[in-house]
Amino acid sequence: MHHSPSDSVSSIFEERVLYARNKLLNGAKPAVVGGTPITEELASELRITAFGTASCPTRAEWICSPLMMRTPDQPLSYGLAAPRNGTRSLLSGLQAHIIKWLLFDSRPITKDNKSGVPPETYLRPSEDRQEEALWRACSEVLWRCAGGFNHQTSSEPLAKVALPSENVYVQHNSRYYQDGVTEKLHIFELKSLEDLQIFLKQYLYLFQSQECPGAMLVLYSLMLTRGCENIKKDLDGKLTHLVSSHVEGSLNVITLLLTGRATPYLHNGILYVGDEDHYAMPQYGVLSRSPVGLLVWYGGEENSKINVNKQYPGSRLKTPALPIWITSCSGHYGVLFNTNRELLRNYHAERRFDIHYYTCGGCHVLLNVDTRAHDDTTAAMRTDDITATPLEKLILTKWQDAKITWTGPGPNFNESSK
């Protein structure tokens, strides 16, 4: 199945925005009460750490990118809907965790590790399940940033959530340019995963409504939880701020979601890098296996800045706990996933299998990957094969020399930015 991204996104927004608005008028819409109002110092620090400056306007897409799910009870109901812009990397990271909860975390498993319901059924969620998947996905990535899943830390995890209010706490001046969001924030602290989940469930409407900056609220909450100073240390001088100028966003936002740290390094563990003139300095990569993985293919990107200091995922990202990968394919973000939780644990399952590719722009394709040895050497592909598509080359970084078969048209990487 293949959808035209520009048509798909616009129609989804018209459909879902009307539905969401009617629901909010009829349902509970709790006001934002409590928390700590933002200060000018913190507002400026958030903007500078995220975007590089507080004295210039924030990129417009961050001000109006809600967490909008597609129409419920349909084949692509598991998907977020969003135009192509700088929030895509963040939304793709959330998308992977939404699929994780729908396919694996919420499915009842029998003793023989099988479910009586076809997995595709869980990919057509009702609206209630869509909303639960959203607040659970947001809770998971925030709690990871809080260190809540790191049992080796001695400190108590503390998640922070930024929510907008009606009040303005920072006035426009030469050092701070108002963006309509940052200067109105209240900061809330949650000390347990359960409290965080209850809180996000209660205020989910603030992330979903058309006029609300859902993606920006998630980004700020991740940054506040990790701490702006820690994020600067994570970036290790490779970048001056978290959100890059790339069309679809930054890999550092992905690593913040996946590991709880905004590291620019994708290798396993810690590497000490130096030479005869300099002391060896540690580069902190991926310190443990991630539930969700990451695959990267740089390809023929025309912007040379993207190709500086290329980083390639190590085995902890290429072989995650579950068969779900955030993908960066020539700078375009999406999600690859398989519905069999045992895929990466079972040699026989990994010999020949189907894999889904989805982007928040509405592209969905199904491919078959055959890793068996082929008598016909021309059947297998290589990453240097000029006839292979960028997505095929990305898949080959994980399954080298596999034969890849398309069951539908290829993805359109030239989505409308509107």
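Residues numbered from 1 in each chain as written. Predicted model: local features only at pLDDT ≥ 70, side-chain atom pairs only at ≥ 80, totals over all residues. Heavy atoms only, no water.

### Details of the environment of P119
Mapped onto the elements, P119 comes out in the loop between α4 (88-105) and α5 (127-145). With 220 residues separating them along the chain, P119 and T339 place their C-alpha atoms 6.2 Å apart. (Helix = DSSP H or I, 4+ residues; strand = E, 2+ residues; numbered from the N terminus.)

### Some points on the sheet that holds strand β11 (residues 403-406)
Within a sheet, each strand pairs with its neighbour through backbone hydrogen bonds, oriented either parallel or antiparallel. Across the sheet, which stays open at both edges, the 6 strands sit in the order β6-β7-β8-β9-β10-β11 with mixed pairing between neighbours. At either end of the open sheet lies a strand with only one pairing partner, and these are β6 (293-297) and β11. On average, each strand axis in the sheet is inclined to that of its neighbour by 30°, with strand direction left out of account. Running over the sheet, α4 touches β7 (324-329), β8 (332-337) and β9 (352-358) and is turned about 10° from β8. Along the sheet face, helix α10 (residues 251-259) touches β6, β7 and β8 and points at about 165° away from the line of β6. (Pairing = 2+ DSSP bridges. Axes fitted to C-alpha atoms, helices over the stretch in contact; angles between N-to-C directions. Contact = heavy atoms within 4.5 Å.)

### Description of the pairing of strand β10 (residues 364-370)
For β10, the buried fraction is high: 6 of the 7 residues fall into the buried class. Inspection of the sheet shows β9 paired to β10 by 7 bridges, in the antiparallel sense. The residue of β10 that forms the bridge with Y357 is V365. Connecting the antiparallel pair β9 and β10 is a turn made up of 5 residues, with G362 showing a positive phi of about 105°. Bridge analysis of β10 against β11 gives 4 bridges, and the strand direction is antiparallel. When the sheet's bridge partners are listed, D370 is paired in β11 with K403. (Buried < 20%, exposed > 50% of the residue type's maximum accessible area, 1.4 Å probe, protein only.)

### Here we look at the pattern of salt bridges
According to the stated counting rule, one finds 14 salt bridges in the structure shown. Among the ionic pairs, E248 bridges to R84, the shortest N-O distance being 2.6 Å. Of this pair, E248 sits in the loop between α9 (228-235) and α10 while R84 sits in the loop between α3 (60-63) and α4, and the two are 164 residues apart along the sequence. For the residue pair E248 and R84, the accessibility class agrees, reading buried in each case. Note that D105 and K100 form a salt bridge whose closest N and O atoms lie 2.7 Å from each other. (Salt bridge = Lys/Arg side-chain N within 4 Å of Asp/Glu carboxyl O.)

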